[in-house]
Amino acid sequence: MPEVALAIFLLPIFSFVVISLIIRPFLNKRPQLSWYVTIASIGASLILSLWMLVEVIKAPGHVLPMPDYQWLVIGDTSIHLGVMADSLAAVMLIVVTVVSLVVQIYSRGYMHGDPGYCRYFAFMSLFTGSMLGLVLADNLLFLFVFWELVGLCSYLLIGFWFHRPEAARAATKAFIVTRIGDFGFLAAILFLYAKTGTFDIGELQHLALVGAIGGTALTWAAIGIFSGAVGKSAQFPLHTWLPDAMEGPTPVSALIHAATMVAAGVFLVARLFPMIASSYEAIMTVAIIGGFTAIFAATMGMVMNDFKRILAYSTISQLGYMMLGLGVVGVGVARGAVALEVGLALGVAVGIFHLFNHAFFKALLFFGAGSASHATGTFDIREMGGLRKAMPWTFATFLIGSLSIVGIWPLAGFWGKEQILSQAWHYAPILFYLAMITVFMTAFYMFRLLFLAFGGEYRGGAHVSLRESPAVMIVPMVLLAILSVVSGWLPISEFLGGESHSFFGALASPMAWASLLLAALGILLAYAIYSKKWISAESMRRRFAPLYTIVSRKYWFDELYENVFVVRILVDGIFALFHWFDDHIVDGMVNGIAGGTIAAGREIRRLQTGQLQAYGLAIFIGILAIIAFFMIFG
Amino acid sequence: MNLYLLAPEISLCGLAIVVILLDLVLKRKGILAVVSVAGLIVPGAFTLALWGREETTFAGMLAIDQFSLFFNLFFLVMAALVILSSVDYVSKFRAFQGEYYALVLLSAAGMMLMASTRELISIYVALELVAISLYALTGFLKDPKSSEAGMKYLLLGAVASAVLLYGMAMVFGLTGTTHLEEIAQAIPGGGLLANPALLLGIVLLVAGFGFKIATVPFQMWVPDVYEGAPTPITAYLSVASKAAGFAVILRVFYEALGAVSLDWGIIFAILAAITMTLGNVVAIAQTNIKRMLAYSTIAQAGYLMMGLAAVSALGSSALLFFLGAYALTNLGAFIAIIAISNKIDSDLIGDYSGMARRAPLLALALAFCLISLIGIPPTAGFMAKIYIFNAAVQYDLTWLVIIAVVNTAISAYYYLRVVKVMYLEAPPSEEAVPSSASLRAALSFCCLGVLLLGVYPWALLRITQAAVDIFFP
């Protein structure tokens, strides 16, 4: 089994190596080869992941024992690396390999004829391998390496069309903003290592549970780790990079910026859940940030006009839900309201179950966006409209995805959302009400998008002939549509140690009816405004003009960060100080030393005369010098 | 007397003879390289068959242990890589192709013997076997530069041999024996100052061996010889010959002179500091890439000597690891340079401008090896530096580590300058630079090895730790 686990993440990395070292330089006449290699390696990873899932299901306690490999020994310190094969890893492997495979199939149609075809699949392979490695890592050091690798792939793929200035800018922004969170994460890793002498996740959790690390130290470490998750999962206040990241190719958005990489933050919190939940302050922070981000992002989703940006805010909002789910159960654990063992498993199950479902329907929604723009050549929904007739497959699958994300029974999105809501109800009522309002907003912005893009008449230029996308794009969408219906029926939650749910029993709870009602209201409002136009969108906008301005300008966070933090404080203040210090003090020293070194090099070089006698003489002078040294200092 | 224990060396000499004989009868000389590389499998297999044995033969003059077996494999791999990278180069010769390969093989046999002898006279014989082969190989091109280099190497080598023999004579005179373990028993205690004869003997040994590993001030021959010699032989000198020197030093100083290790430890520490600083500082001023790498190898010898200065199991195993990492890296860099200069016929760094566009893979490999020489992760060079710095810190040589870190920073300047020229400057022409399959194979092997050791150092470290166990039972 250890070989299988290694092969799962090494195969796509191998595919990256093959594409970039063999296919791209030597076989660039046949770029299709890179697609085949990618598909083969990720397909193999999927099969191996399924195999591992079966083994984990059979294993006692759903954990497979895995050997450790000694990686590094420095003096008395040794660092081991290995893989963790538990239910959490097994579920994540399935998510990553399934979505990645489907995305690669779709990409064949979407990226057809792009000059960067090989490069695209090389990066996609590297991303998939790194993401799988991240999921499997059993210690923080390796998790962090893969964490940075997926960040790098994200950067490279957002800026895939680097000749477009917006893409290059968005890539840089994503890289820098996530780096802020990663700084906290790395600091926490090093802090924990200094405290405990280990990077091993299992050991760290054990130490936290028995109280060997605790108090303020643990809180700071947990918050440091969570700051990494905040950056990666685009939670408030580091959410600004994700909407801009939509400049990348749409399949990239589907895989990296919707289904997998951005969910890595949620995964990280789940992976270290016992440790983070050991600190009340830290886990409360997780819950509050999650709940707040969910509603905060939803408000912005309601007013955007860019197809993919609406989906991006929706992703941020849904990731906030997952954080909320993890956080509220953790709060229950920290308060002692729920038994430790049960609560720890339950929290992971609640968060990851929604992650699992979300991966499929959100990837599907992005595919819909890609398909729509494939036909219309734009992502602006004001210039779409009427796509329902021209693109029946895209419309049907997009509708399923929308119903699923809104949380309509019995589609996949319903089940995860219900669990989060019911846990929030128990442990954090205020956050529960926020989450309920978010349900309404989600329904509104999704169906606003749907009615504007697919309903009514086509509003774009006349020169475009609307046509359904090719089969290579439709088939993956149908596959994901099926998953968006049924993924919630799978017993993922029980497998992770959470609560089971019954198919019709879920409808017995009043809370389910309440949330369904709110969702229906949201859909109805969108219908009234954007389909039937009973209420004029324009007059609404005027009536709520101040509110609309605030939300549509994204609460001025971009301006705040760029003009105030970056320009005023950093560039004009701190950087200017550094610059002066650098110019006058550091450069002065460096130039002095460098000049001295180079001059010394020139001078000593003269000793190299080429004269044999001089060389022989040097040997004897050397011998005498060593003896003299001993005579004098010995 | 168990001749089987010598099977790797004997079969290697046999292979050299076969190659010379084939050269007489064969018309197609290309086969010689194939025979040479394939034939190396035989001594390699014998080495692996002996793996784990610890015996001595020839009345204790030769030892077969993890240490010598490690170096057997090391030199066999080096010889194979050098032969692979010579194929293009040698095919330009009209005659003497067989001799070229045979000399490489014979010198490898001598290096293997150097690592396994435990007696001063046989050490000297093995050393001369290596040296004479290398003198001939250095002057192989017969153009003025190569001949001058060969001549200089021969004359200075003779001086160094004389110094070494004199040192051996002093040690013999003092202890009455040439066997290392008996010397260890007979060595008088009480430090070197109490015993000027021993001091002189040790300093002369340091000078004689220092010539081999090219430490300051016994390094003067290096730039001229490296520049003049055929480039594959330069690569061979810079890794294999140096490694053989370190192997002998470890044997002699650890096994025979362990009693006065405090004294010679400080010699090596000071020489290490001077050597790395001088190598790096002068390398900055170089415009010829072969000369730059020549000074770089001097600097690297400085880092390597930190392992000698930190007299401990940690230090010596770190030294062996560094040798392995350095050998793959330096060889990789030289092979890339061979491939490039074969085509552009220039060794000037300025002529490498835009190489990333003309030969993307060669440029990438060269950049990767240079990064490893600086010691930036994820490369073998990084791990090697970590280990050897750590060993020095553990041995209370923090001052030396500080000097080494400063030197590492200085070295980044001239290594990265090559990367900058290759990647950021415009190429003089867009003409592609092709390379032969054997060069590419050798280069891939080196780069993959550098990456592997950078990511999973335990693969080699395990072996080096076992190899130095013989010194620290």
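Residues numbered from 1 in each chain as written. Chains lettered and ligands numbered in written order. Predicted model: local features only at pLDDT ≥ 70, side-chain atom pairs only at ≥ 80, totals over all residues. Heavy atoms only, no water.

Trainee: Mind laying out the overall build of chain B, listing which residues take part and the relevant values?
Mentor: Across its full length, chain B holds 20 helices and 2 strands. The C-alpha radius of gyration computed for chain B amounts to 21 Å, which stays within 12% of the reference 23 Å derived for 473 residues, consistent with globular compactness. Across its three principal axes, chain B shows a C-alpha extent of roughly 65 × 55 × 40 Å. Buried residues in chain B amount to 65% of all 473 residues. Total accessible area computed for chain B in this model is approximately 15,300 Å², and 70% of it derives from carbon and sulfur atoms. If you average the places of the 23 positive and of the 25 negative side-chain charges in chain B, the two averages end up 10 Å apart. (Helix = DSSP H or I, 4+ residues; strand = E, 2+ residues; numbered from the N terminus. Rg over C-alpha atoms; globule rule 2.2 N^0.38 Å. Buried < 20%, exposed > 50% of the residue type's maximum accessible area, 1.4 Å probe, protein only. Areas by Shrake-Rupley, 256 points an atom, 1.4 Å probe, with all protein chains shown as cover. Lys, Arg positive; Asp, Glu negative; His and termini not counted. Charge placed at Lys NZ, Arg CZ, Asp CG, Glu CD.)

Trainee: I'd like a description of the overall build of chain A, backed by residues and values.
Mentor: Assigned secondary structure in chain A consists of 26 helices and 4 strands. Counting only C-alpha atoms and orienting by the principal axes, one finds that chain A spans roughly 100 × 65 × 50 Å. The proportion of buried residues among the 634 residues of chain A is 56%. In chain A, 81% of the contacts between residues at least 6 apart in sequence involve partners at least 24 apart. Total accessible area on chain A stands at roughly 25,100 Å², and carbon and sulfur atoms take up 70% of it. Averaging the locations of the 35 positively and 33 negatively charged side chains of chain A gives two centres separated by 12 Å. (Contact = heavy atoms within 4.5 Å.)

Trainee: Give me helix α1 (residues 2–26) of chain A: which residues, what numbers.
Mentor: Residue and element names in this part refer to chain A. In a regular helix each residue adds 1.5 Å, so 25 residues correspond to 36 Å; α1 covers 34 Å between its end C-alpha atoms and thus fits that length. At Ile 19, α1 shows its largest bend, some 35°. For α1, the complete set of buried residues consists of Pro 2, Val 4, Ala 5, Ile 8, Phe 9, Pro 12, Ile 13, Ser 15, Val 18, Ile 19 and Ile 23. (Expected span 1.5 Å × (residues − 1). Bend = angle between axes of the 7 residues up to and from the residue.)

Trainee: Provide a residue-level description of the interface of chain A and chain B, including the pertinent values.
Mentor: Each side of the interface is counted separately: chain A has 32 residues, and chain B has 45 residues. When chain A packs against chain B, close to 3,400 Å² is buried across both sides, 80% of that on carbon and sulfur atoms. Summed over the shared surface of chain A and chain B, the number is 1 residue pair in polar contact (both at pLDDT 80 or more). Elements with a minimum of two residues in the side of chain A that touches chain B: α1, β2 (68–74), α25 (557–607) and α26 (612–633) of chain A. Among the elements that make up the side of chain A that touches chain B, the one with the highest residue count is α26 of chain A (13 residues). (Buried area = accessible area lost by both parts, 1.4 Å probe. Polar contact = N/O pair within 3.5 Å; in protein donor to acceptor, adjacent residues only side chain to side chain.)

Trainee: So what's going on with the pattern of salt bridges? Residues and values would help.
Mentor: Side chains bearing opposite charge may pair, as long as their charged atoms lie close to each other. Scanning the model with the defined rule gives 23 salt bridges over all chains in all. One salt bridge in this structure joins Arg 53 of chain B and Glu 55 of chain B, with 3.0 Å as the shortest N-O distance. The class of Arg 53 of chain B is partly exposed, set by a relative accessible area of 27%. Looking at Glu 55 of chain B, the relative accessible area reads 30%, which means it is partly exposed. What emerges from the salt-bridge pattern is a single network uniting Arg 164, Glu 166, Lys 173, Asp 244, Glu 247 and Arg 309 of chain A. (Salt bridge = Lys/Arg side-chain N within 4 Å of Asp/Glu carboxyl O.)

Trainee: With reference to specific residues and values, describe the state of the cysteines.
Mentor: All names here are of chain A. Applying the stated criterion across every chain yields a total of 0 disulfides over all chains. You can see Cys 118 has no disulfide; the closest cysteine sulfur is in Cys 153, sitting 16 Å from it. On the accessibility criterion, Cys 118 (7% relative accessible area) is buried. (Disulfide = S-S within 2.5 Å.)

Trainee: Give me the lowdown on the packing of helix α8 (residues 215–232) of chain A against helix α13 (residues 280–301) of chain A, citing residues and values where you can.
Mentor: If you want to describe how two helices pack, look at the angle between their axes and the distance between the axes. Residue and element names in this part refer to chain A. The contact between α8 and α13 brings their axes to 8 Å, and the two run at 25°. Considered as vectors, α8 and α13 are oriented roughly parallel to each other. Two packed elements cross with a definite hand, and for α8 against α13 that hand is right-handed. Between α8 and α13, the contacting residues are Thr 219, Ala 222, Ile 223, Phe 226 and Val 230 on the first element and Glu 281, Ala 282, Thr 285, Val 286 and Ile 289 on the second. By residue class, the composition of the contact of α8 with α13 is 7 nonpolar, 2 polar and 1 charged. (Axes fitted to C-alpha atoms, helices over the stretch in contact; angles between N-to-C directions. Parallel < 35°, antiparallel > 145°, perpendicular 65-115°, else oblique. Left-handed = near helix turned anticlockwise from the far one by under 90°. Nonpolar A, V, L, I, M, F, W, Y, C, P; charged D, E, K, R; others polar.)

Trainee: Go over the confidence of the model for chain A, please, and point to the residues and values.
Mentor: Looking at chain A, the pLDDT average stands at 85 and 97% of residues meet or exceed 70. In the model of chain A, α25 of chain A stands out as the element of lowest mean pLDDT, 72, in contrast to helix α11 (residues 264–271) of chain A, which has the highest, 92. (pLDDT = per-residue confidence, 0-100.)

Trainee: How would you summarise the packing of helix α13 (residues 289–309) of chain B against helix α14 (residues 313–344) of chain B if you had to cite specific residues and measurements?
Mentor: Residue and element names in this part refer to chain B. At their nearest, the axes of α13 and α14 sit 9 Å apart, and the two run at 170° to each other. Considering the angle they form, α13 stands roughly antiparallel to α14. Contacts between α13 and α14 involve Ile 289, Leu 293, Thr 297, Gln 300, Tyr 303, Leu 304, Gly 307 and Leu 308 from the former and Gly 315, Ser 316, Leu 319, Phe 322, Leu 323, Tyr 326, Asn 330, Ala 333, Phe 334 and Ile 337 from the latter. Among the residues making up the contact of α13 with α14, the classes are represented as 12 nonpolar, 6 polar and no charged.

Trainee: Which residues make up the nonpolar core, and what values go with them?
Mentor: Residues Phe 307 of chain A together with Phe 71, Phe 253 and Met 306 of chain B are the most contacted members of the largest nonpolar core, which totals 414 residues. Setting aside anything within four residues of it in sequence, one finds Met 306 of chain B in contact with Ala 272, Met 276, Ile 388, Phe 389, Ala 392, Leu 400, Val 401 and Ala 404 of chain B. (Core = buried A, V, L, I, M, F, W, Y, C linked by side-chain atoms within 4.5 Å.)

Trainee: Give me the lowdown on the packing of aromatic side chains, citing residues and values where you can.
Mentor: Any pair of aromatic rings gets described here by the distance separating the centres and the angle formed by the planes. Per the counting criterion, the structure on display carries 51 aromatic pairs over all chains. Where Trp 35 of chain A meets Tyr 36 of chain A, the ring centres are 5.3 Å apart and the plane angle is 70°; that geometry is what we call edge-to-face. Take Trp 35 of chain A: its relative accessible area is 12%, and that puts it in the buried class. Tyr 36 of chain A gets classed as partly exposed once you look at its relative accessible area, which sits at 45%. Each ring, one from Tyr 303 of chain B and one from Phe 322 of chain B, has its centre 6.4 Å from the other, and the planes form 35°; the classification is tilted. Placement of Tyr 303 of chain B in helix α13 and of Phe 322 of chain B in helix α14 is noted, with a sequence separation of 19 residues between them. Phe 322 of chain B matches Tyr 303 of chain B in its accessibility class, with the two residues each being buried. These aromatic residues form a ring-pair network of at least three members: Phe 67, Phe 70, Phe 71, Phe 74, Phe 75, Phe 253, Tyr 254, Trp 264, Phe 268, Phe 471 and Phe 472 of chain B. Its end group placed over the ring of Phe 160 of chain A, Arg 119 of chain A keeps NZ or CZ at 4.3 Å from the ring centre. (Phe/Tyr/Trp six-rings, centres within 6.5 Å; stacked < 30°, edge-to-face > 60°. Lys NZ or Arg CZ within 6 Å of the ring centre and 35° of its normal.)

Trainee: So what's going on with the environment of Ala 174 of chain A? Which residues, and what values?
Mentor: Residue and element names in this part refer to chain A. With respect to the helices, strands and loops of the structure, Ala 174 is situated in helix α6 (residues 165–196). Ala 174 sits 209 residues away from Glu 383 along the chain, and the two C-alpha atoms are 28 Å apart. Sequence-distant contacts of Ala 174, that is, excluding residues within four places in its chain, are made with Ile 158 and Trp 241.

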